[in-house]
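Each chain is listed here by its residues.
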Amino acid sequence: MYKNAKDFLEKNPSPVVLQEPHPLLREISSEIKDLDGMKALIPVMVRIMKEEGGIGLAAPQIGFNQRLFIIHIPETENRSETKIVAINPVVLEKKGSICLEEGCLSVDGKLVPVERSAQILVEYENESKQKVQTVLSGLAAVCFQHELDHLNGVLISDYIKV
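Peer 1: Any chance you could explain the overall build of the chain here in plain terms?
Peer 2: In terms of regular secondary structure, the chain is built from 3 helices and 7 strands. Each helix and strand of the chain, ordered N terminal to C terminal, gives the series α-α-β-β-β-β-β-β-β-α. Taken against the 2.2 N^0.38 rule, which gives 15 Å for 162 residues, the C-alpha radius of gyration of the chain at 15 Å falls within 12% of a compact globule. Here the chain holds 162 residues, and 48% of them are scored as buried. Residue pairs in contact within the chain that sit at least 24 positions apart in sequence constitute 62% of those at least 6 positions apart. Surface exposure of the chain reaches about 8,500 Å², of which carbon and sulfur atoms provide 49%. Considering the chain, the positive charge centre built from 18 side chains and the negative charge centre built from 23 side chains are found 4 Å apart.

Spelled out as structure tokens, the structure:
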């Protein structure tokens, strides 16, 4: 669809968050091979995420179907700030279990209890093209897995038990 982020932004100068049942949200995202325009797309995604009141945003949620997401979890009394720009992210190891109610910018108004791994070892490229390998736990681990779901066409509504 788009060859890179530069191409996406030229054709979509003001992207918005797509809502379920938009078909693009169900597609598996392509690996990012061409980082052209990524430096311009990341601040656009951060702005959209903050305007919408989220703590994470995956590129497919704004119509760019490639393997990129951002996370910004603010610091509180009980946790440190987490900022991640993840290009082509993967989870290498999983430990434990945690169940939190999750919301989603693409699934308006729903909170869904989702069971995920409590601690994960992840690998991704950052915006400087550096390979990062780190361990995440708690809310950061949950958020990483939530955003990774978006890259695989999975939404929190898929976790609703009937």
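Peer 1: What should I look at first to understand the pairing of strand β6 (residues 119-125) in this one?
Peer 2: The side chains of a regular strand alternate, residue by residue, between the two faces of the sheet. The pairing of strand β3 (residues 82-95) with β6 spans 6 bridges and is classified as antiparallel. Residue Val90 lies in a different strand from β6, and its bridge partner there is Glu123. The antiparallel pairing of β6 with strand β7 (residues 131-137) creates a hairpin that spans 5 residues between the two strands, and Lys129 there sits at a positive phi of about 70°.

Peer 1: I tried to follow the layout of surface pockets on my own but got confused; where do I start?
Peer 2: One way to see where empty space is left: roll a probe the size of a water molecule over the atoms. Roughly 310 Å³ of volume is contained in the largest pocket. For the lining of the largest pocket, the secondary-structure elements that each account for two or more residues are β4 (98-104) and α3 (138-151). It is α3 that contributes the most residues to the lining of the largest pocket, 6 residues altogether.

Peer 1: I would appreciate a short explanation of the environment of Val112 in the present structure.
Peer 2: Relative to the assigned elements, Val112 resides in strand β5 (residues 107-116). Along the sequence, Val112 and Leu148 sit 36 residues apart, while their C-alpha atoms lie 17 Å from each other. Apart from residues lying up to four places away in sequence, Val112 is in contact with Leu100, Glu101, Glu102, Ile156, Tyr159 and Ile160.

Peer 1: So what exactly am I meant to see when it comes to unusual backbone geometry here?
Peer 2: Trans peptide bonds make up the majority, and among non-glycine residues the majority have a negative phi. Each neighbour pair has its own omega, and for Glu20 with Pro21 the value is 15°, a cis peptide bond. Here Pro21 shows up in the loop between α1 (5-11) and α2 (38-52). Despite not being glycine, Asn88 has its phi angle at roughly 55°, a positive value. By the secondary structure assignment, Asn88 is in strand β3.

Reading the values: the criteria
- Residues numbered from 1 in each chain as written.
- Predicted model: local features only at pLDDT ≥ 70, side-chain atom pairs only at ≥ 80, totals over all residues.
- Heavy atoms only, no water.
- Helix = DSSP H or I, 4+ residues; strand = E, 2+ residues; numbered from the N terminus.
- Rg over C-alpha atoms; globule rule 2.2 N^0.38 Å.
- Buried < 20%, exposed > 50% of the residue type's maximum accessible area, 1.4 Å probe, protein only.
- Contact = heavy atoms within 4.5 Å.
- Areas by Shrake-Rupley, 256 points an atom, 1.4 Å probe, with all protein chains shown as cover.
- Lys, Arg positive; Asp, Glu negative; His and termini not counted.
- Charge placed at Lys NZ, Arg CZ, Asp CG, Glu CD.
- Pairing = 2+ DSSP bridges.
- 1 Å grid on protein atoms, 1.4 Å probe; cavity = no way out; pocket = protein on both sides within 12 Å on 5 of 7 lines; lining within 4 Å.
- Points joined across faces, edges and corners; volume = space filled by probe spheres on them.

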